[in-house]
Amino acid sequence: MPVTAVIGAQWGDEGKGKIVDLLSRRADLVVRFSGGDNAGHTVVNEYGEFKLHLVPSGIFSPRAVCLLGNGVVINPAVLLEELRLLKGRGIDTSRFFISDRAHLIMPYHVLLDGLEEESRAKKAIGTTRKGIGPAFSDKAARLGIRVGDLVDREAFLERLRSILEYKNLILTRVYEASPLSLDEVYQSYCQFGERLAPYIKDTIIILEQAIREQKKVLLEGAQGALLDPDFGTYPYTTSSSPLSGGVCLGAGISPLSLNQILGVFKSYCTRVGEGPMPTELQDETATLIREHAHEYGTTTGRPRRCGWFDAVAARFSTQINGFTAVCITRLDVLDILPQLKICVGYELDGQRIDYFPSSITTLVRCKPIYEEFPGWQSPISDARRYDELPAAARRYVERLEELISCPVHLISVGARREQVIEVAEVL
Ligand code: IMP
């Protein structure tokens, strides 16, 4: 399929990095379209283990061009450090470019993210404190500074002067924090601009040409559908859309150009940060999963909340994304469990419901209704064909497929690139 989007279908951390690393071997172009360095994509391949936050996981492909689209917010210090580390480990970054339309994360965004979280106290969202929310707020408020602005230093200084004056008022008068120095911010961002100059492009031109020439394009999602600001568990969400619809806005691509939308689901659920998660477990099964699967945030190191697969949320995710195929990741993590559960409905005030409520005050009252399955309790990481999976594992996957109503094309059975079962060709 020429144009394929890889979308996180739950609360992020579904293992998209590994899937993009695998598929990008066959791609000509890999584009990230949303989020910022709040994302953490772990990739294990022949070069070693990498934790990427901004650079697309396609960077390891020997031929793919990698782009950060206009919909990504870029912290230039983080990006330059990531590029330095990649180059230091022998990875070729010469085919990597960033959109001149992408917005920059400025030092006041990071400061304000932390200060806003502190002021929310018990109602904190549990953000990654990377400045993501404040940067997207400024984009909408037309107070943002874009990558392309760094090229014209005089215009950049004027814009920064007026924005920083306003931000310093908020920092000092609302939060009683120290103001930022115009000169320091200006000088450091001019230096970032110089170092980033070779990477800055109008990425739309590259993307349009690739699509016209029928090249294989992979759109790399960040975060997950249930963190979407419109359809997720608002206000416990992120600030840009991780959905398939976000691809069009964040990369600059027509909806008609999308051929395949691959939804990536973990075989159970995890969530970092606050907000409702109906199938969350607070018992030893959660601890077992967390420790066995090392469910700790790639970006913040926070322990991830763990729970059973939520098919109500999964159906909702499939509906709003229009998945054409599904990937189930980390199936091997369930090897250790004697019994498994899938949430097939919610009980709300004594009634069974099958939909994902729009309001979190309703969602917190929903109690999961479970179907139970026997575990397989044998290692599956060496399976490469579907029929090599134990019968109980196949039954579990087939029930997921039925509940999600979307064909499973990929099953990941380990962290390494080759630890995957391709049920059907994806790219
Ligand atoms: P923010 O995106 O840093 O503003 O954080 C908002 C919410 O999204 C918090 O609950 C974060 O933990 C969550 N979040 C943001 N990025 C990711 C991610 O890549 N994986 C999982 N959760 C994320």
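Computed from a prediction, not measured in an experiment: that's the story for all the values here. (Residues numbered from 1 in each chain as written. Predicted model: local features only at pLDDT ≥ 70, side-chain atom pairs only at ≥ 80, totals over all residues. Heavy atoms only, no water.)

### Details of the nonpolar core
Proteins that are soluble and globular tend to have nonpolar side chains buried together.
Right, so step 1: Grouped together as the largest cluster of nonpolar side chains are 57 residues, with contacts concentrated most on Leu219, Phe265, Phe309, Leu331, Ile342, Trp376 and Tyr396.
Right, so step 2: The element best represented in this core is helix H12 (residues 391-404), accounting for seven residues.
Right, so step 3: Those residues in contact with Leu331, other than ones at most four positions away along the chain, are Ser267, Trp376, Ile380, Leu389, Tyr396, Val397, Ile411 and Ser412. (Core = buried A, V, L, I, M, F, W, Y, C linked by side-chain atoms within 4.5 Å. Buried < 20%, exposed > 50% of the residue type's maximum accessible area, 1.4 Å probe, protein only. Helix = DSSP H or I, 4+ residues; strand = E, 2+ residues; numbered from the N terminus. Contact = heavy atoms within 4.5 Å.)

### As for the pairing of strand E3 (residues 41-45)
Where a strand is regular, its side chains alternate between the two sheet faces.
Right, so step 1: Only one face of E3 is covered, namely the face carrying His41, Val43 and Asn45; the face carrying Thr42 and Val44 is uncovered.
Right, so step 2: The sheet contact formed by E3 and strand E4 (residues 48-52) spans five bridges and is antiparallel. For Asn45, the partnering residue across the bridge sits in E4 and is Gly48.
Right, so step 3: With antiparallel pairing between neighbouring strands as the criterion, E3 and E4 make up a hairpin whose turn holds two residues. (Pairing = 2+ DSSP bridges.)

### Notes on the layout of surface pockets
If a probe the size of a water molecule is rolled over the atoms, the empty space left behind becomes visible.
Right, so step 1: In this structure, the largest pocket encloses a volume near 820 Å³.
Right, so step 2: Together, 45 residues line the largest pocket, and Asn38, Thr127, Thr128, Thr237 and Thr238 are the ones closest to its centre.
Right, so step 3: Within the residue set of the lining of the largest pocket, elements represented by two or more residues are helix H3 (107-120), helix H4 (132-140) and helix H5 (153-174).
Right, so step 4: No other element matches the six residues that H4 contributes to the lining of the largest pocket.
Right, so step 5: Considered class by class, the residues forming the lining of the largest pocket number 15 nonpolar, 19 polar and eleven charged.
Right, so step 6: Taken as a whole, the second largest pocket encloses approximately 650 Å³ of empty space.
Right, so step 7: What lines the second largest pocket is a set of 29 residues, among which Thr42, Ala293, Arg304, Arg330 and Ala415 lie closest to the centre.
Right, so step 8: Looking at the lining of the second largest pocket, the elements with two or more residues in it are helix H1 (16-23), E3 and E4.
Right, so step 9: The element contributing the most residues to the lining of the second largest pocket is E3, with four residues.
Right, so step 10: Within the lining of the second largest pocket, the residues separate by chemical class into six nonpolar, twelve polar and eleven charged. (1 Å grid on protein atoms, 1.4 Å probe; cavity = no way out; pocket = protein on both sides within 12 Å on 5 of 7 lines; lining within 4 Å. Points joined across faces, edges and corners; volume = space filled by probe spheres on them. Nonpolar A, V, L, I, M, F, W, Y, C, P; charged D, E, K, R; others polar.)

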